[in-house]
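Each chain, written out:
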Amino acid sequence: MSCGKSLRLKGLYEATALIGQGGMGRTFRAKDWGRMGQPCAIKQFLPQWSEPALIKKAIALFEREAEQLQLLGSHPQIPELISYFEEDGYLYLVQELIEGENLYVELQCQGIFSEAKIYQLLENLLPVLQFIHEHQVIHRDIKPDNIIRRSVLNPLSQGRHGARAEGDLVLVDFGAAKEITHNTAGRTGTLIGSAEYIAPEQARGKAVTQSDLYSLGVTCLYLLTGISPFDLYDDNKDRWIWQTKLQTPISEHLTQVLNRLIEPAIANRYASAKAVLEDLQSNHQGTKSPKKHLSLNNSPQIDELREILNLGQWQAGDLLTNQIILDLVKKERIAQLTVSDIEKIPCEVWLAIDQLWMQATNCRFGWTAQQQIWQSLNGRLIYREDTYWEFAKVYEKFADRVGWRKSIWFNLPFLPKVWRKYENLTFAIAAPQGHLPSLFFWEGFNLVDSVFYRLEICRKK
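Residues numbered from 1 in each chain as written. Predicted model: local features only at pLDDT ≥ 70, side-chain atom pairs only at ≥ 80, totals over all residues. Heavy atoms only, no water.

What about the pairing of strand S2 (residues 13-21)?
Part 1: Across two bridges, strand S1 (residues 8-9) lies against S2 in antiparallel orientation. Looking across to S2, one finds that Arg 8 is bridged to Glu 14.
Part 2: Where S1 folds back on S2, the antiparallel hairpin that results is connected by three residues, among which Lys 10 adopts a positive phi of roughly 55°.
Part 3: The pairing of S2 with strand S3 (residues 25-32) spans seven bridges and is classified as antiparallel. Looking across to S3, one finds that Ala 15 is bridged to Ala 30.
Part 4: Linking S2 back to S3 in an antiparallel pair, the connection comprises three residues. (Pairing = 2+ DSSP bridges. Helix = DSSP H or I, 4+ residues; strand = E, 2+ residues; numbered from the N terminus.)

Some points on the UniProt feature "binding site: ATP" (unreviewed entry) in the chain
Part 1: UniProt's feature table lists "binding site: ATP" (unreviewed entry) at Lys 43, given in the numbering used throughout.
Part 2: Along the polypeptide, Lys 43 turns up in strand S4 (residues 38-45).
Part 3: Separated by 2.8 Å, the side chains of Lys 43 and Glu 65 make a polar contact. (UniProt positions renumbered as here; feature names shortened; annotations may be inferred. Polar contact = N/O pair within 3.5 Å; in protein donor to acceptor, adjacent residues only side chain to side chain.)

Describing the packing of helix H3 (residues 115-134) against helix H7 (residues 273-282)
Part 1: The interhelical angle for the contact between H3 and H7, taken along N-to-C directions, is 150°, at an axis separation of 8 Å. Of the possible angle classes, the one that applies to H3 and H7 is roughly antiparallel. You can see that H3 and H7 cross each other, and the crossing is left-handed. Judged by residue contacts, Tyr 119, Leu 122, Glu 123, Leu 126, Pro 127, Leu 129 and Gln 130 of H3 engage Ala 273, Lys 274, Val 276, Leu 277, Leu 280 and Gln 281 from H7.
Part 2: For the contact of H3 with H7, a count of residues per class yields nine nonpolar, two polar and two charged. (Axes fitted to C-alpha atoms, helices over the stretch in contact; angles between N-to-C directions. Parallel < 35°, antiparallel > 145°, perpendicular 65-115°, else oblique. Left-handed = near helix turned anticlockwise from the far one by under 90°. Contact = heavy atoms within 4.5 Å. Nonpolar A, V, L, I, M, F, W, Y, C, P; charged D, E, K, R; others polar.)

A word on the pattern of salt bridges
Part 1: With the rule as written, the count across this model stands at 16 salt bridges.
Part 2: When the shortest N-O distance is used, the salt bridge between Glu 106 and Lys 117 registers 2.6 Å. On the criterion of sequence distance, the pair formed by Glu 106 in helix H2 (residues 103-110) and Lys 117 in helix H3 is long-range, its members being eleven residues apart. (Salt bridge = Lys/Arg side-chain N within 4 Å of Asp/Glu carboxyl O.)

Here we look at the nonpolar core
Part 1: Residues Leu 121, Leu 122, Leu 126, Leu 171, Trp 242 and Leu 258 are the most contacted members of the largest nonpolar core, which totals 56 residues.
Part 2: Going through the elements one at a time, helix H1 (52-72), strand S6 (90-96), H2, H3, strand S10 (169-171), helix H5 (209-225), helix H6 (252-261) and H7 are the ones with two or more residues in this core.
Part 3: When residues of this core are assigned to their parent elements, the largest contribution, ten residues, is made by H3.
Part 4: Setting aside its immediate chain neighbours within four residues, Leu 122 contacts Pro 127, Leu 216, Cys 220, Leu 254, Leu 261, Leu 277 and Leu 280. (Core = buried A, V, L, I, M, F, W, Y, C linked by side-chain atoms within 4.5 Å. Buried < 20%, exposed > 50% of the residue type's maximum accessible area, 1.4 Å probe, protein only.)

Structural notes on the pairing of S6
Part 1: Within S6, six of the seven residues are buried, which leaves it mostly tucked inside the rest of the structure.
Part 2: Relative to S6, S4 is paired through five bridges, and the arrangement is antiparallel. Across the sheet, residue Cys 40 finds its bridge partner in S6, namely Glu 96.
Part 3: A loop of two residues connects strand S5 (residues 81-87) with S6, the two strands running antiparallel in sequence, and Asp 88 in this loop sits at a positive phi of about 55°.

Regarding unusual backbone geometry
Part 1: Backbone torsion omega between Leu 436 and Pro 437 reads 0°, so that peptide bond is classified as cis.
Part 2: Within the element layout of this structure, Pro 437 appears in the loop between strand S15 (417-419) and helix H15 (448-460).
Part 3: In this structure, Cys 363 takes a positive phi of about 75° despite not being glycine.
Part 4: The residue Cys 363 is located in the loop between helix H12 (347-360) and helix H13 (367-376) in this model.
Part 5: Although it is not a glycine, Trp 442 adopts a positive phi angle of roughly 60°.
Part 6: Tracing the backbone through its elements, the reader meets Trp 442 in the loop between S15 and H15.

Description of the packing of aromatic side chains
Part 1: One pass over the full model with this rule turns up 28 aromatic pairs.
Part 2: Between Tyr 233 and Trp 240 the ring centres are 5.1 Å apart and the planes differ by 90°, which places this aromatic pair in the edge-to-face class.
Part 3: Taken together, a centroid distance of 5.8 Å and an interplanar angle of 20° make the contact between Tyr 395 and Trp 419 stacked. Taken together, the residues span a long stretch of sequence, with Tyr 395 in helix H14 (residues 388-402) and Trp 419 in strand S15 at a distance of 24 residues.
Part 4: Exposure remark for Trp 419: the relative accessible area of 26% places this residue in the partly exposed category.
Part 5: The residue whose ring lies beneath Lys 117 is Phe 113, and the NZ or CZ to ring-centre distance is 3.9 Å.
Part 6: Positioned over the ring face of Tyr 270 is Arg 260, at 4.1 Å from the centre of the ring. (Phe/Tyr/Trp six-rings, centres within 6.5 Å; stacked < 30°, edge-to-face > 60°. Lys NZ or Arg CZ within 6 Å of the ring centre and 35° of its normal.)

With respect to a nonpolar patch on the surface
Part 1: There is a patch of nonpolar side chains on the surface, built from Ile 382, Tyr 453 and Ile 457 and spanning about 260 Å² of accessible area.
Part 2: The topology assignment puts Ile 457 in helix H15. (Patch = residues over 30% accessible without salt bridge, like charges linked within 9 Å, V, L, I, M, F, W, Y side chains within 5 Å. Areas by Shrake-Rupley, 256 points an atom, 1.4 Å probe, with all protein chains shown as cover.)

Some points on the sheet that holds S6
Part 1: Ordered in space as S1-S2-S3-S4-S6-S5, the six strands form an open sheet in which the pairing is antiparallel. Each of the sheet's edge strands pairs with one partner strand only, and the pair in question is S1 and S5.
Part 2: Taken strand by strand, H1 contacts S4, S5 and S6, and its axis lies near 30° from that of S6.

Here's the deal with helix H9 (residues 300-310)
Part 1: Within H9 the residues assigned to the buried category are Ile 302, Leu 305, Arg 306, Ile 308 and Leu 309. Buried positions in H9, seen along its axis, are confined to an arc of 170° and lie on one side of it. In this structure, H9 carries Pro 300, Glu 307 and Asn 310 as exposed residues pointing more than 90 degrees from its buried face. (Arc of directions from axis to C-beta.)

Structural notes on the state of the cysteines
Part 1: Using the criterion set out here, one finds two disulfides in the structure.
Part 2: Here Cys 109 pairs with Cys 363 through a disulfide, and the sulfurs are 1.3 Å apart. The S-S bond linking Cys 109 to Cys 363 shows a torsion near 45°; that makes this disulfide right-handed. In this pair, Cys 109 is assigned in helix H2 and Cys 363 in the loop between H12 and H13, connecting sequence segments 254 residues apart.
Part 3: We classify Cys 109 as buried; its relative accessible area is 6%.
Part 4: Accessibility expressed as a relative area gives 13% for Cys 363, which makes it buried.
Part 5: The disulfide that involves Cys 347 links it to Cys 458, with 2.1 Å between the sulfurs. Its S-S torsion of approximately -75° makes the covalent link between Cys 347 and Cys 458 left-handed. Placement of the pair is Cys 347 in helix H12 and Cys 458 in helix H15, with a sequence separation of 111 residues.
Part 6: The class for Cys 347 is buried, based on a relative accessible area of 6%.
Part 7: Sequential numbering of the bridged cysteines in the chain gives the disulfide pattern 1-3, 2-4. (Disulfide = S-S within 2.5 Å.)

Structure follows, in structure tokens:
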């Protein structure tokens, strides 16, 4: 709009929204009209510095990313390279758009990972690392931000090495990737990567394939604790202390696997991603694949809910959420639901609906957002009849926080509050955090602790 340049590159790739911006350039959400308007991502090389040496290095990294995606993008868990070109003096890279949240955002929205989720992460991502290492490539920047859980599957995009699937973890950002050759083996190269996650040898410019395994191990530590890796290491004693930071203990087997991944000495680590996977699967816990955050692909109602929420139609999404729950237990009104009904509804349904709301609203709406508010008010996940009045007091504070009650005149804490009518709820993203979905609004208030408790149980399965 400011410079008058067309947002359709090569007559095919039309930018529709800015996704992000950094020191190297900008990334746009776009449509590929050569593929029937299929969503894609455009990366524009636009460095924020003027030194010739830095620009030359940045161009090399940008071109390397295109080369690596060209080599590796056939894998279903690596973005496919669509095009790479220069236009009007700018470099552009067009690649498959991965719909979903990265694991850093997932941690912030849903809390620390359970042992089951860490097993699922390792079993899902290790084959990807094995694939790139067999193609003589080191990623060099494994971290939560660069691992995306695919939430929406484009049916036109299928990898040659297997079908893409919702819930799969996708490894992105190959800008730091390095090809292994006989000429570079053992030589000191450029220090690159994210300081919190890089292996000791990589910090010295001597990355090897096991450096990616180290970074994957550190990523797991962060997801298990929610604490910066810098604070999981005791510099005085020169050792990891991550186990003392766990909120919930994990199995001895997973502990051993993670400790071997983060060994400072390369020789003490696993030799390959395949070796890690075999160790995981040699244990009974590793062979049981934990459930993913299912999106229930075979459910038309879930598909409809996804589409409605992605369009920002919050009231329609709220009504459909309630209807899905009622249909599953054959009830007509929310007020008719019982604790027994809540327990009968499969975990896949609770997790899928919650995930759709949290992703579509950037963690603003959803049961997880509501649970965080509930617990911040010292609300329990289990109440009994003899603690009803305690429950009622917390529920009123909860309703005030999420905007279901309002003051008669001014929004002052000492003034009496009245409940809104349903049609007067704020069906907009600007509503207070946790405002939607409204399952607990008025009729379903007695289900708050039951649903939150059910979600907690489901997340740990």
